[in-house]
Amino acid sequence: MIIIKKVTKNDPSTVLYRRCTIDLASKAVNFEDVPCRNLEDVMGGFGRSFQILAERKIENAYCPENPLIVNTGLLTGSNIMTGLRAYFSAYSPLKHSSKGLPAAMWSAGSGNFGSKLKWTGIDEIIFENRSATPVYAFISVDEAGPRVSLRPAGQLAGLNSHEKIMALEKVYKDAHFAAIGQAGENYENVSMGVVALSTDNQLKSGEDKCRFAGRGGMGSIMGYKNLFAIVAQSTNRLGPISPEVRDVNKVIVRSGGSARFQPVSQGGGGGTWANYEVLQAFYAVPENNFRPKGNDGVEKLFRESVEKKLEVRTEACFRCGIRCHNNIFRRNPDGSRGEFIAKFDFEPLNLFGTNLGIHDGAQVAELIKLCDNLGMDAISLGTTIAYVLDYNERHPDKVLFNGAKFGQFAQIRELLKRTGKGELPDIGKGLKRLAEKIGETAFAMQVKGLELPAYLPDTNPGYIWAIAGGHMSMGTHMLLAKEGKTSLDDWVAAITGAGLLQVGHDMIGLCKFVGFGASHEAIVSAILETTGLEVTSQELMQAVRRAYLRGLALELQQGYTDEDFTLPSQVFDSPNENVTLPHFVTRDYVEQLKNRIWEIFAPEMDGLLPEG
Amino acid sequence: MQVTVTLIGSFRLKWFKEMVLYYDHDAELIDIVNDVGMPVEEVGIILINGRHSSLQNRLRDGDIVTLMPLIGGG
């Protein structure tokens, strides 16, 4: 990012970002320095990419005009802790309105790819059209600036995401990688393909420890474009850490927002895995397609239970002080640590665990590993398979696919594997399409065409206003468990206030695990230190709010109507009495909530999208 | 006054699973947190007899208090 002059006030037009447009059909590459239109452009991530998507009328995600936008945030590749994020944006092949139009989506991931890309001097790549044959993009930098070339990728075909990365690593040193798995290659039958991002730990150990930009099928878009991978090669451009940045990092690593993700041995909560025990206190851990049984069955996946058979090692992303990863290894007969299997975060652990009726830690880890390597989104796939199992339990005489039921590991594994290979398009194209095809939508746990993460919809009407993933773009998924609040006033305030501000992390390049504990002042200070830009906390929040509302406006532009803004009807018609949290999400409640929230949002959305 | 304190998640590893505390005077939830030696900023969810409460809530004889750590998604 180039700052033309030292600014004394936040003036976006004084900041230019370096865009690289790559036409995959003609192989033409064009660089331009683009003046920022507003603070959203300066911050980056989806704040910038959604303004580009808003300029396009896309009716089918798999069309040449649908761009894949790869960008970073203002603080990606900086000395600010967790500044590792890379963003992938496009019209989604998975999330779509009831009118059948694709929704704009972004997905973010850590690893080192984002920093490496930033250090080439490129802030944004727009991949236009599609290549006739498989290619990968090689991005590097020399004295003259960034260089880009497209290279044949036939040798990568059929490899899983980790194998693609390791094959490229043999060729390109001092580089990091974004790659798809077989699922992305089979994009026609798999709409939930992810982009795998390489990590230092992965490249050094050879273990499949990718990070993922998972939601919305951005890997499937890469597959459609015949873009199998992106290589970013550059040298480390981190300068010395100033005292001010060190202070910001101290706030990040010690704040309440991040402390919950630190290991227990470090005084933290033990990563997102800890949610299992807390939510179980309310019998609110998803089981058997989001229907908790009200017993202690899920405790088999508590950390202390899993540790009896498997090794758990706590690790962190590159240069991050928040050691949130719980990596799972087999245990050798002599008691030493054996083979790495997978990483346990709450979402995949639950959605391939008790939500499928699986209560064995090793089996869950195997499913996560398979899903990751084939290159599918664990949330979308896990939740779609849970629906299949639920359907088969309800209809023993006309089962779907292989007739798998809850807890049947081998059959579930088969579904997962065949989906990734493109053999089960009814699963691969996502839950909304599957449930509508079958004609049973009540227990299909999706909202607006995107599968729900591992928090009960019965406890979170905020899902309705998430714009890119239920828990990643609306921070209300634990509000009921945390505070027990059920009044309309409380939920209106949460959704239209702090809840939507969560997407700010998806603009500036920081991880959500920084949390709200790192105050806005700390972020303002970080931006000043890193870029010289002076912005106020108020200006930051206004920009985040505009970016969120632009996303909501884009949903309406893509055909979303009132009927899309709802929860699975099972929530209203069959409340689960096993959950001890208050039951308050009724149809009437949601209607009142919608009226109140649109009253606030609708006027603010005026003028956020291009005319016409 | 007798109060039963139940801890959840990582709190169980740091302190205890369940303990009965006795007070010969009026007490608030904050007194329990202090007596256990728990940093206030680590307390995420507080229940008294299963209902969400705050640190300033007064306790009554026979109350069951549940304390849970901060949680987050991902």
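Residues numbered from 1 in each chain as written. Chains lettered and ligands numbered in written order. Predicted model: local features only at pLDDT ≥ 70, side-chain atom pairs only at ≥ 80, totals over all residues. Heavy atoms only, no water.

1. Notes on the packing of aromatic side chains
Residue and element names in this part refer to chain A.
Part 1 of the reasoning: This structure, assessed with the given rule, holds 20 aromatic pairs over all chains.
Part 2 of the reasoning: When the ring of F46 is compared with that of W106, the centres are 3.8 Å apart and the planes differ by 15 degrees; the resulting orientation is stacked. On the criterion of sequence distance, the pair formed by F46 in helix α2 (residues 46-53) and W106 in strand β6 (residues 102-109) is long-range, its members being 60 residues apart.
Part 3 of the reasoning: On the numbers, 5.0 Å between centres and 85 degrees between planes, the contact of F584 with Y589 is edge-to-face. Taken as a pair, F584 and Y589 share a single burial class, namely buried.
Part 4 of the reasoning: Site record: aromatic cluster; members linked through ring pairs are F46, F50 and W106.
Part 5 of the reasoning: Note that R130 overlies the ring of Y224, its terminal NZ or CZ placed 4.7 Å from the centroid.
Part 6 of the reasoning: Directly above the aromatic system of F340 lies the positively charged group of K209, at a separation of 5.1 Å from the ring centroid. (Phe/Tyr/Trp six-rings, centres within 6.5 Å; stacked < 30°, edge-to-face > 60°. Helix = DSSP H or I, 4+ residues; strand = E, 2+ residues; numbered from the N terminus. Buried < 20%, exposed > 50% of the residue type's maximum accessible area, 1.4 Å probe, protein only. Lys NZ or Arg CZ within 6 Å of the ring centre and 35° of its normal.)

2. Some words on the interface of chain B and chain A
Part 1 of the reasoning: At the junction of the two partners, chain B supplies 18 residues and chain A supplies 28 residues.
Part 2 of the reasoning: Together, the buried faces of chain B and chain A total about 1700 Å²; carbon and sulfur atoms form 67% of this surface.
Part 3 of the reasoning: Where chain B packs against chain A, one counts four residue pairs in polar contact (both at pLDDT 80 or more).
Part 4 of the reasoning: Elements with a contribution of two residues or more to the side of chain B that touches chain A: α1 (10-14), β3 (43-48) and β5 (64-69) of chain B. (Contact = heavy atoms within 4.5 Å. Buried area = accessible area lost by both parts, 1.4 Å probe. Polar contact = N/O pair within 3.5 Å; in protein donor to acceptor, adjacent residues only side chain to side chain.)

3. Observations regarding the pattern of salt bridges
Residues and elements named next belong to chain A.
Part 1 of the reasoning: Enumeration according to the criterion identifies 40 salt bridges over all chains in this entry.
Part 2 of the reasoning: Among the ionic pairs, R215 bridges to E451, the shortest N-O distance being 4.0 Å. Of this pair, R215 sits in the loop between β12 (211-213) and α7 (218-224) while E451 sits in strand β18 (residues 450-451); the two residues are 236 residues apart in sequence, bridging distant segments of the chain.
Part 3 of the reasoning: For E451, a relative accessible area of 1% puts it in the buried group.
Part 4 of the reasoning: Through salt bridges with shared partners, one network takes in R19, E32, R48 and E124. (Salt bridge = Lys/Arg side-chain N within 4 Å of Asp/Glu carboxyl O.)

4. Things to note about the nonpolar core
Part 1 of the reasoning: Formed by 215 residues in total, the largest nonpolar core has its most connected members in F88(A), I230(A), W465(A) and F601(A).
Part 2 of the reasoning: One finds L21(B), A27(B), L55(B) and L67(B) within the second-largest nonpolar core, a separate group that totals 21 residues. (Core = buried A, V, L, I, M, F, W, Y, C linked by side-chain atoms within 4.5 Å.)

5. Overview of helix α8 (residues 243-254) of chain A
All names here are of chain A.
Part 1 of the reasoning: For α8, which comprises 12 residues, the first-to-last C-alpha distance of 16 Å matches the rise-based estimate of 16 Å (1.5 Å per residue) to within 8%.
Part 2 of the reasoning: Within the span of α8, buried status applies to V245, V248, N249 and I252. Looking down the long axis of α8, one finds its buried residues gathered within 100 degrees of arc, a one-sided arrangement. Along α8, exposed side chains directed more than 90 degrees from the buried face belong to P243 and R254. (Expected span 1.5 Å × (residues − 1). Arc of directions from axis to C-beta.)

6. With respect to the state of the cysteines
All names here are of chain A.
Part 1 of the reasoning: Applying the stated criterion across every chain yields a total of zero disulfides over all chains.
Part 2 of the reasoning: Of the cysteine sulfurs around C20, a residue in no disulfide, the closest is that of C36, at 17 Å.
Part 3 of the reasoning: We classify C20 as buried; its relative accessible area is 0%.
Part 4 of the reasoning: Here C511 is not cross-linked by a disulfide; its sulfur's nearest cysteine counterpart is in C324, at 6.2 Å. (Disulfide = S-S within 2.5 Å.)

7. Looking at empty space enclosed by the protein
All names here are of chain A.
Part 1 of the reasoning: Using the criterion set out here, one finds two cavities of 30 Å³ or more in the structure.
Part 2 of the reasoning: The computed volume of the largest cavity comes to approximately 70 Å³.
Part 3 of the reasoning: Along the wall of the largest cavity there are 13 residues; nearest its centre are V447, L450, A466, G469 and G470.
Part 4 of the reasoning: The residue inventory of the lining of the largest cavity, partitioned by class, reads eight nonpolar, two polar and three charged. (1 Å grid on protein atoms, 1.4 Å probe; cavity = no way out; pocket = protein on both sides within 12 Å on 5 of 7 lines; lining within 4 Å. Points joined across faces, edges and corners; volume = space filled by probe spheres on them. Nonpolar A, V, L, I, M, F, W, Y, C, P; charged D, E, K, R; others polar.)

8. Remarks on the sheet that holds strand β8 (residues 135-142) of chain A
Remark on secondary structure: sheet strands pair via backbone hydrogen bonds, oriented parallel or antiparallel.
Residue and element names in this part refer to chain A.
Part 1 of the reasoning: Ordered by their spatial adjacency, six strands build an open sheet running β9-β8-β13-β10-β11-β12, and the pairing between neighbours is mixed. In this open sheet, the two edge strands, each paired with only one partner strand, are β9 (145-152) and β12. Each adjacent strand pair in this sheet contributes to an overall mean axis angle of 20 degrees, direction not counted.
Part 2 of the reasoning: Bridging between β8 and strand β13 (residues 227-233) involves five bridges; their strand directions are parallel. Within β13, the position partnered with A137 by the bridge is I230. (Pairing = 2+ DSSP bridges. Axes fitted to C-alpha atoms, helices over the stretch in contact; angles between N-to-C directions.)

9. Section: helix α24 (residues 587-605) of chain A
Residues and elements named next belong to chain A.
Part 1 of the reasoning: Helix length check: α24 (19 residues) gives 25 Å between terminal C-alpha atoms against 27 Å at 1.5 Å per residue, within 8%.
Part 2 of the reasoning: Roughly 35 degrees is the biggest bend found in α24, and it falls at W598.
Part 3 of the reasoning: Listed as buried for α24 are Y589, V590, L593, K594, I597, W598, F601 and M605.
Part 4 of the reasoning: Following α24 by one or two positions, G607 adopts a phi angle in the positive range, close to 80 degrees. (Bend = angle between axes of the 7 residues up to and from the residue.)

10. A word on the packing of helix α14 (residues 378-394) of chain A against helix α17 (residues 431-438) of chain A
All names here are of chain A.
Part 1 of the reasoning: Running from N to C, α14 and α17 point in directions that differ by 25 degrees, and their axes come no closer than 9 Å. As the angle between them shows, α14 and α17 are arranged roughly parallel. On α17, the residues that touch T383, T384, Y387, V388 and Y391 of α14 are L431, L434, A435 and I438.
Part 2 of the reasoning: Here the residues of the contact of α14 with α17 are counted per class, giving seven nonpolar, two polar and no charged. (Parallel < 35°, antiparallel > 145°, perpendicular 65-115°, else oblique.)

11. Focus: the sheet that holds strand β14 (residues 311-315) of chain A
Residues and elements named next belong to chain A.
Part 1 of the reasoning: Reading across the sheet, the three strands line up as β14-β15-β16 and stay open at both edges, with antiparallel pairing between neighbours. Edge positions in the open sheet fall to β14 and β16 (337-343), since each of these has one partner strand only. Taken pair by pair, the neighbouring strands of this sheet meet at an average axis angle of 35 degrees, ignoring direction.
Part 2 of the reasoning: Along the sheet, helix α13 (residues 361-374) contacts β15 (325-331) and β16; its crossing angle with β16, the most-contacted strand, is approximately 60 degrees.

12. Describing unusual backbone geometry
All names here are of chain A.
Part 1 of the reasoning: A positive phi angle is found at T82, which is not glycine, with a value near 75 degrees.
Part 2 of the reasoning: For T82, the position within the fold is in the loop between β4 (68-72) and β5 (86-96).
Part 3 of the reasoning: A positive phi angle, close to 60 degrees, is found at N226, a residue other than glycine.
Part 4 of the reasoning: Within the fold, N226 resides in the loop between α7 and β13.

13. Remarks on the pairing of β15(A)
Two faces belong to every sheet, and in a regular strand the side chains alternate between them.
All names here are of chain A.
Part 1 of the reasoning: Summarising burial for β15: five of the seven residues are buried, a large majority.
Part 2 of the reasoning: Where β14 meets β15, five bridges bridge the pair, whose relative direction is antiparallel. Across the sheet, residue V312 finds its bridge partner in β15, namely I328.
Part 3 of the reasoning: Relative to β16, β15 runs antiparallel, the two being bridged by four bridges. Following the sheet pairing, F329 is matched in β16 by F340.
Part 4 of the reasoning: Between β15 and the antiparallel strand that follows it, β16, lie five residues; G335 among them carries a positive phi value of about 90 degrees.

14. What about the environment of P575(A)?
Residue and element names in this part refer to chain A.
Part 1 of the reasoning: In this structure, P575 sits in the loop between α23 (570-573) and α24.
Part 2 of the reasoning: The sequence separation of P575 and R291 amounts to 284 residues, and the corresponding C-alpha distance is 9.4 Å.
Part 3 of the reasoning: What P575 contacts, discounting residues up to four positions off in sequence, is R291, Q570 and H583.

15. Notes on the packing of helix α19 (residues 488-501) of chain A against α24(A)
Residues and elements named next belong to chain A.
Part 1 of the reasoning: The N-to-C vectors of α19 and α24 enclose an angle of 45 degrees; their axes lie 10 Å apart at closest approach. The pairing of α19 with α24 is recorded here as oblique in orientation. Viewed along their axes, α19 and α24 form a crossing whose handedness is right-handed. For the pair formed by α19 and α24, the contact residues are L488, D489, W491, V492, I495, T496 and L500 on the first element and Y589, Q592, L593, R596, I597, I600 and F601 on the second. (Left-handed = near helix turned anticlockwise from the far one by under 90°.)

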